[in-house]
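Reading the structure
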Amino acid sequence: MYKLYYLPGACSLATQVVLRELDQRFELIDKQAVDNFSAINPVGAVPVLVDGDQTLREGAAILLYLLDKHPNSLLPEAPVARQQAIENILFANATMHPAYGRLFFIQQAIDEGGAKQAAFDAAAQAISALWQSVDQQLQQQPFLGGDSPSVADIMLTVYYRWGGSFPVDIVVSERVARMTEKVMAMPSFVQAQAAEQQ
Ligand SMILES: N[C@@H](CCC(=O)N[C@@H](CS)C(=O)NCC(=O)O)C(=O)O
């Protein structure tokens, strides 16, 4: 059985959803309940996945490990489609996630006032531009994965929800909004959120 270290609502939610999609058993451990989490991940970040005597860090690497290990239809086998799916996962993890990360940084690091709101607005504009590029991909299909949600759709939906916690206006198209609504309605997503609240 896996161990998944998480923070409620954080990017580790996507890891948990994928574990559920892959029908894997796991123990969920809130990072905040661990005395010396830096011994598990020196940079202090979730997700961390423990598989036997292996400790895995970095969200995208963990997801690719799981997709490689367990037979699934989430990562296509055909080379072109597979490469596109990996590109989408990396776009989510290494481009969209850090763009949202700026909101958390601004919240913590900048004193209240006009400069803070200006920084929020600039960050929100950059995020909106990234959603436009997602919208381009959704013009021919409901999900980045095609007719059904891919891992990247799940990751992007987790980040999308963060926007509501900040005084920002992040613009997404109807297509993007529909994609996130459908992902949020997936039984695995609903169950993962509920498990984080227990
Ligand atoms: N590149 C890392 C980034 C992970 C990351 O930023 N995780 C955030 C939550 S979304 C975190 O754990 N932050 C530390 C904290 O809030 O205590 C990854 O993809 O795993």
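Keep in mind the model is a prediction, meaning the values are calculated, not measured.

Some thoughts on unusual backbone geometry
The residue after valine 46, namely proline 47, is reached through a cis peptide bond having omega 0 degrees. Along the chain, proline 47 turns up in the loop between β2 (26–30) and β3 (48–51). Phi at aspartate 23 is positive, roughly 65 degrees, even though this residue is not glycine. Structurally, the position occupied by aspartate 23 is in the loop between α1 (12–21) and β2. If you check the backbone angles, glutamate 58 has positive phi at about 75 degrees while not being a glycine. Secondary-structure assignment places glutamate 58 in the loop between β4 (54–57) and α2 (59–69). Accessibility expressed as a relative area gives 54% for glutamate 58, which makes it exposed.

Remarks on the pattern of salt bridges
Taken as a whole and assessed by the stated rule, the structure comprises four salt bridges. A salt bridge links lysine 116 to glutamate 112; the shortest N-O distance between them is 3.0 Å. The class of lysine 116 is buried, set by a relative accessible area of 4%. Of the residues examined, glutamate 112 reaches a relative accessible area of 67% and is grouped as exposed. Linking arginine 178 and glutamate 174 is a salt bridge whose minimum nitrogen-to-oxygen distance equals 3.9 Å. Of this pair, arginine 178 and glutamate 174 are both found in helix α6 (residues 174–184), four residues apart, which corresponds to roughly one turn of the helix.

Looking at the pairing of β3
Two faces, one strand: in a regular strand the side chains alternate between the faces of the sheet. Burial along β3 is two-sided: Val48 and Val50 and Leu49 and Asp51, pointing in opposite directions, are all buried. In this structure, β3 lies alongside β4, joined through four bridges in antiparallel fashion. From the neighbouring strand, aspartate 51 faces β4, where its bridge partner is glutamine 54. Remark: two residues form the turn of the hairpin made by β3 and β4, two consecutive strands paired antiparallel; glycine 52 in that turn has positive phi of roughly 65 degrees.

A look at the domain arrangement of the protein chain
Here the protein chain is partitioned into domain 1 (2–73 + 188–196) and domain 2 (79–186). Between the C-alpha centres of domain 1 and domain 2 there is a distance of 20 Å. Of the residues lining the interface, 18 residues belong to domain 1; the matching set on domain 2 comes to 18 residues. Summing both partners gives a buried area of about 1,400 Å² for domain 1 against domain 2, and 73% of it is carried by carbon and sulfur. By the criterion of area lost to domain 2, the three top residues of domain 1 are Cys11, Ala60 and Phe189, representing 35% of everything that side buries. The tally of links from domain 1 across to domain 2 stands at zero salt bridges. At the boundary of domain 1 and domain 2, one finds four residue pairs in polar contact (both at pLDDT 80 or more). Elements with a minimum of two residues in the side of domain 1 that touches domain 2: α1, α2 and α7 (187–197).

What counts as what
Residues numbered from 1 in each chain as written. Predicted model: local features only at pLDDT ≥ 70, side-chain atom pairs only at ≥ 80, totals over all residues. Heavy atoms only, no water. Helix = DSSP H or I, 4+ residues; strand = E, 2+ residues; numbered from the N terminus. Buried < 20%, exposed > 50% of the residue type's maximum accessible area, 1.4 Å probe, protein only. Salt bridge = Lys/Arg side-chain N within 4 Å of Asp/Glu carboxyl O. Pairing = 2+ DSSP bridges. Domains from an automatic or database assignment. Contact = heavy atoms within 4.5 Å. Buried area = accessible area lost by both parts, 1.4 Å probe. Polar contact = N/O pair within 3.5 Å; in protein donor to acceptor, adjacent residues only side chain to side chain.

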